[in-house]
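# Structure at a glance
Here is what each chain is made of, one letter per residue.
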Amino acid sequence: MRNFWLPHRIVMAALGVAVLIWCVLTLRWDWLPNYLGLAAMGIWRTIWLLVLSLVLGMMLAIPLGLAQAAGPRWLAWPARGFCTVIRGTPLLLQLWLLYYGLGSLFPTIPWIRQSDLWPILRQAWPYGLLALTLSFAGYEGEVMRGAFRGVVKGQIEAATAMGMPRLTLLRRIWLPQALHRALPTLGGETVLQLKATPLVATITVVDIYAVAGRVRQDTFITYEPLLLLAVVYMAITGIIVLLFRHFERRLPSRVA
Amino acid sequence: MSGSRAGASEAIRVEGLRKSFGAHEVLKGVSLTAHEGDVVAIIGGSGSGKSTMLRCINFLETPSAGRIVIGGEEVAMRADGSVADRRQIERLRQSLGMVFQQFNLWTHRTILENLVEVPVHVLHQPRAEAEARAQRLLARVGLAEKADAYPAFLSGGQQQRAAIARALCMEPRAMLFDEPTSALDPELVGEVLAVIRDLAAEGRTMILVTHEMKFAREVASHVIYLHNGVVEEEGPPDALFGAPKSERLKQFLKSVG
């Protein structure tokens, strides 16, 4: 800890504290207590949208990457097509196509309206989650394609030569090594994904970004909520960066 | 298994093996028989097809034509040479311990985990039993204290000895060595050869592709000289190295010193 407090860091910290005090003293924060509950809910919604779309997106990205790296042509081409379309169009467009497209198609289909899923499908968040998931899958499918291809051939040959069945080989050797390779990239992509989440505010999902908009509409205070919003996103980004740094440290050295 | 009585002591038999990469025919009908306890050395210049021949035995390369019989059981092949029964070849591969030029230890697992990976996760042996055997094998190749190290922290010679132990941990019927010392610094070659010599001495069946002529002469019971995809000459080591008949082999032996 003593090593941490070097002169330049002391100056930076002092500057940060000064800015914070200036913000607290000169800006308006009287609205904040009224919106704490809503803000907490918004942060919670942002985080679970992020986490769920990361997990579901990776579950799609792994087969997408594998199909492109090693699959037969009839699997590789559709996978490449999907990644190309997703990466070639704005996420906002995909989101609106799903929400206004699927969202207006489903109510016209009787068996969907009568199904148990309807109470969920008539809300906005499933379309937001779907769009975020497909987007992450498209980008990470491409990352995983490179990661699968990049695993040294001998690593796979050694497993093959010992009679390891293909699925075991994928699970125990190929996938872990590909994920290790992809981890630094995935960290960066996760941060990008966080900053794609506010788009769901455009289809009425109340995430933390939408809460800032609500404050502005109710109170005509613009600047302070946005400032706080920036701090919230930076804090979540910081947590993501620290998490991935922790994962990367835990990896055994890969120098061959 | 369908092993006949006459072939009971036969570990590996290769008949009329052909292999083409595109229009280029690397193996033009080669044969080989290794009985239990045999040490067959395959020698030849680069591009002679010796590594390809070894890799065809456990189908790391798909032969274009020919027969491969392991422990009396013929590998079922389709007309194009590909494996007809994946389960069969996976089972037969488990009985052939392969050692690669580049070691190919799994970099994301410790040495001990490398050794028990297949016994535990494929053969479903009890972990304690597999680990005890792995520790014994590591001690035997002089790496007892490296069990928990990752491969990247070992020298090339240590990695190759660990790779040999990994192959032995499967308790294979035969060992296949693909130029096991070619990627090593000269001062590390000796320690790996010592381990292989030790295995030969205990009567293990081995097929060995090598550039180490002195070593081949010392440990092999049978030597095959490959040239341009055909067996140019074969026989006991003393005959082959001491009195080579073919002009090509004479020249080859002269060129490798």
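Conventions and cut-offs
- Residues numbered from 1 in each chain as written.
- Chains lettered and ligands numbered in written order.
- Predicted model: local features only at pLDDT ≥ 70, side-chain atom pairs only at ≥ 80, totals over all residues.
- Helix = DSSP H or I, 4+ residues; strand = E, 2+ residues; numbered from the N terminus.
- Rg over C-alpha atoms; globule rule 2.2 N^0.38 Å.
- Buried ≥ 20, exposed ≤ 12 C-beta atoms within 10 Å, placed from the backbone.
- Contact = placed C-beta atoms within 7 Å.
- Pairing = 2+ DSSP bridges.
- Right-handed = clockwise from strand over helix to strand, strands pointing away.
- Nonpolar A, V, L, I, M, F, W, Y, C, P; charged D, E, K, R; others polar.
- Axes fitted to C-alpha atoms, helices over the stretch in contact; angles between N-to-C directions.
- Core = buried A, V, L, I, M, F, W, Y, C linked by C-beta atoms within 7 Å.
- pLDDT = per-residue confidence, 0-100.
- Arc of directions from axis to C-beta.

It is worth spelling out the overall build of chain A at this point. Along chain A, the regular secondary structure elements total 11 helices and 0 strands. Rg of the C-alpha trace for chain A: 23 Å, well past the compact-globule value of 18 Å for 256 residues, more than 25% over. Its C-alpha atoms put chain A at 70 × 65 × 30 Å along the principal axes. Counting only residues that meet the buried cut, chain A has 27% of its 256 residues in that class. A separation threshold of at least 6 residues defines the contact pool for chain A, and within that pool the share at least 24 residues apart is 78%.

The next thing to look at is the pairing of strand 8 (residues 205–209) of chain B. All names here are of chain B. Among the 5 residues that make up strand 8, 5 are buried, leaving the element largely enclosed by the rest of the structure. Residue alternation in strand 8 divides its side chains into two sets, Thr-205, Ile-207 and Val-209 and Met-206 and Leu-208, and both sets are buried. Note: strand 3 (residues 39–43) against strand 8, 4 bridges, orientation parallel. In the sheet register, Ala-41 faces strand 8, and the bridge partner there is Leu-208. Summarising the sheet, strand 7 (residues 174–178) and strand 8 pair through 5 bridges and their orientation is parallel. Residue pairing for strand 8: Ala-174 is matched across the bridge by Thr-205. With respect to chirality, the unit in which strand 7 leads through helix 6 (residues 186–201) into the neighbouring parallel strand 8 is right-handed.

Moving on: the interface of chain A and chain B. Each partner contributes to the interface: chain A provides 21 residues, whereas chain B provides 20 residues. Contributions of two or more residues to the side of chain A that touches chain B are made by helix 8 (153–161) and helix 9 (166–194) of chain A. Class assignment for the residues of the side of chain A that touches chain B results in 10 nonpolar, 8 polar and 3 charged.

Consider a sheet: its strands pair through backbone hydrogen bonds, and that pairing is either parallel or antiparallel. Residues and elements named next belong to chain B. Read from one edge to the other, the open sheet built from 4 strands follows the order 2-1-4-5, with strand pairing classed as antiparallel. Edge positions in the sheet fall to strand 2 (24–35) and strand 5 (73–74), since each has one partner strand and no second. Direction of pairing for strand 1 (residues 10–21) relative to strand 4 (residues 65–70): antiparallel, over a ladder of 5 bridges. Note that in strand 4 the partner of Arg-18 across the bridge is Ala-65. Strand contacts of helix 1 (residues 50–57): strand 1, strand 2 and strand 4, with the helix running at about 120° to strand 1, the strand carrying the most contacts.

All names here are of chain B. With a phi angle near 55°, His-124 is a residue other than glycine that sits in the positive phi range. Structurally, His-124 can be placed in the loop between helix 3 (111–121) and helix 4 (127–140). The exposed category is assigned to His-124, around which 9 C-beta atoms lie within 10 Å. The phi dihedral of Glu-179 falls on the positive side, at around 45°, and the residue is not glycine.

In terms of nonpolar packing, the biggest core is built from 122 residues, with B:Val40, B:Ile42, B:Ala165, B:Leu176 and B:Ile207 touching the most fellow members. Residues within four places of B:Ile42 in sequence aside, it is in contact with B:Lys50, B:Met53, B:Leu54, B:Ile207, B:Leu208, B:Val209, B:Ile224 and B:Leu226.

Residue and element names in this part refer to chain B. Secondary-structure assignment places Pro-151 in the loop between helix 4 and helix 5 (156–168). When the C-alpha positions of Pro-151 and Ala-162 are compared, they lie 8.8 Å apart, and in sequence the two are 11 residues distant. Not counting chain neighbours up to four residues away, the residues in contact with Pro-151 comprise Leu-105, Thr-107, Ile-111 and Gln-159.

It is worth spelling out the confidence of the model for chain B at this point. Do not read the fine detail of predicted coordinates wherever pLDDT is low. For chain B, per-residue confidence averages 92 on the pLDDT scale, and residues scoring 70 or more make up 97% of the total. Segment residues 1–8 of chain B: pLDDT under 50, and 11 contacts once partners within four positions in sequence are set aside and those in other chains are kept.

With that out of the way, let us pick up helix 2 (residues 86–93) of chain B. What helix 2 of chain B keeps buried is the set B:Ile89, B:Leu92 and B:Arg93. Taken around the axis of helix 2 of chain B, the buried residues stretch over an arc of 100°, which confines them to a single face. On its buried side, helix 2 of chain B packs onto helix 8 of chain A together with strand 4, strand 5 and strand 6 (96–99) of chain B.

All names here are of chain B. Spatially, the 6 strands line up as an open sheet ordered 6-7-8-3-9-10, and their pairing is mixed. What marks the edges here is a single partner per strand, and that holds for strand 6 and strand 10 (230–235). Adjacent strand axes in the sheet meet at a mean angle of 15° when their direction is disregarded.

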